[in-house]
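Chain by chain, the residues:
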Amino acid sequence: MKHVKYFLYGIILSIAIASCTEAVAHEMLPTYPKMEASHIKDVYVTTMRMFNKRQEVEFYEIGVFDEDWKPIPFVTSYSVIKIEYLGRVEFDLYIRKSDVDKAEYICSKSKLRKQNEIVTAIASRICSRIK
Amino acid sequence: MKKLSIKVATMSLAAAVCNTTALAETVPITGMVESRCIIQTDTPGIYGNPSAYTLTTDPTLGGVPAIVRIDVTLADAYYAAITAPTEFSSSPNLPDIVTWVGDTEVEAMTDAAGMGNYEADKVEYNYTDRYDLTATGSTWFKTTSEATLGGTRPFPGGNYTALVTAECIAK
């Protein structure tokens, strides 16, 4: 009986830990996107997907960089994308043919609102690498 | 005879319901597993204020270090780069220069054999620590930060926020 009690406590504790740690994540896919010719001449496109499990973050900024982390021009519907908590977003990202060979990374970075506490907030950035 | 008919009808109805239920249970849930990196903000840090001119995340001085968890599902596909704060993202007007001290270290890991060398092999550049994520699983990174106002002047009253940046970069 005592063991059953500890087992149940264990389950409750695991659920509590899981619920505390899982609701705060930032995710972007694919890891290795491939640029393909779009319906517009001399413009390449790839589709990215994002998932927001950070309750305190609503906006993510998209950036494209070369291998030296210098910015590369690109077009998406919005450069800062709004993603609701637990929401998924799929977006197309366009790069000119003249830039497509230089483009190395596609990154998304969380945009944080001003906080009203003495805290160290955490900004997250995920970068996929163009293949 | 009538009783038998009723029984047969009832059994047929029950069988039909069961069959329908069985059909409902076969509705598929589809998903796709891809290599990915997920950044989890485990613990946003808090600055303690042990003296008038110091803000620190040192737990012995009333602070809480920031902890970030990074999960990877493909070995040897990502770098993690954690950068300690070098400025306040929001603060009152400050009367002097702030000196920053910050560091990141591996706090915990799910695979001691595969991830045990992360801390020893990390590359440090200024306030950024870069880790080569060679194994799959979760790693917790702890970032400490301390801000000291120049001339041992007191920090003005108000709200202070500084950012730890956690990055996951595909190789």
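A quick note: this is a predicted structure, and the numbers were derived from the prediction, not measured. (Residues numbered from 1 in each chain as written. Chains lettered and ligands numbered in written order. Predicted model: local features only at pLDDT ≥ 70, side-chain atom pairs only at ≥ 80, totals over all residues.)

**Section: the overall build of chain B**
From N to C terminus, chain B includes 3 helices and 12 strands. Taking the intrachain contacts of chain B between residues at least 6 apart in sequence as the baseline, contacts between residues at least 24 apart amount to 73%. (Helix = DSSP H or I, 4+ residues; strand = E, 2+ residues; numbered from the N terminus. Contact = placed C-beta atoms within 7 Å.)

**Notes on unusual backbone geometry**
Residue Pro-30 of chain A is bonded to the preceding Leu-29 of chain A through a cis peptide linkage, with omega at -5°. Relative to the helices and strands, Pro-30 of chain A resides in the loop between strand E1 (25–29) and strand E2 (36–37). Located in the positive-phi region is Asn-126 of chain B, a residue other than glycine, with phi close to 50°.

**What about the interface of chain A and chain B?**
If you look at the interface, chain A gives 27 residues, while chain B gives 34 residues. Every element with two or more residues in the side of chain A that touches chain B is listed here: E1 and strand E8 (119–129) of chain A. Sort the elements by how many residues they give to the side of chain A that touches chain B and E8 of chain A lands first, with 11 residues. Considering only residue class, the side of chain A that touches chain B consists of 13 nonpolar, 8 polar and 6 charged. Where E1 of chain A meets strand E1 (residues 37–43) of chain B, 3 bridges bridge the pair, whose relative direction is antiparallel. Opposite Ala-25 of chain A, over in E1 of chain B, you have Gln-40 of chain B as the bridge partner. (Nonpolar A, V, L, I, M, F, W, Y, C, P; charged D, E, K, R; others polar. Pairing = 2+ DSSP bridges.)

**Side note on the nonpolar core**
Among the nonpolar cores identified, the biggest contains 56 residues, and Ile-95 of chain A together with Val-68, Ile-70, Tyr-78, Ala-80 and Cys-168 of chain B are the most heavily contacted of them. Per element, the largest residue contribution to this core is 7 residues, and it comes from strand E12 (residues 161–170) of chain B. Among all residues touching Ile-95 of chain A, those that are not within four sequence positions of it are Met-35, Tyr-44, Val-64, Ile-72, Phe-74, Val-100 and Ala-103 of chain A. (Core = buried A, V, L, I, M, F, W, Y, C linked by C-beta atoms within 7 Å. Buried ≥ 20, exposed ≤ 12 C-beta atoms within 10 Å, placed from the backbone.)

**Things to note about the confidence of the model for chain A**
A residue-level look at chain A finds 77% of positions with pLDDT of 70 or above and a mean pLDDT of 82. Counting interchain partners and residues more than four positions distant, the pLDDT-below-50 stretch residues 6–23 of chain A has 6 contacts. (pLDDT = per-residue confidence, 0-100.)

**Observations concerning the pairing of strand E4 (residues 59–65) of chain A**
All names here are of chain A. Side chains of E4 alternate between two faces, with Tyr-60, Ile-62 and Val-64 buried and Phe-59, Glu-61, Gly-63 and Phe-65 left unburied. Direction of pairing for E4 relative to strand E5 (residues 80–82): antiparallel, over a ladder of 3 bridges. By the bridge assignment for E5, Phe-59 is matched with Lys-82. Alignment of E4 against strand E7 (residues 105–111), held across 7 bridges, turns out to be antiparallel. Bridging from a neighbouring strand, Tyr-60 pairs with Ser-110 of E7.

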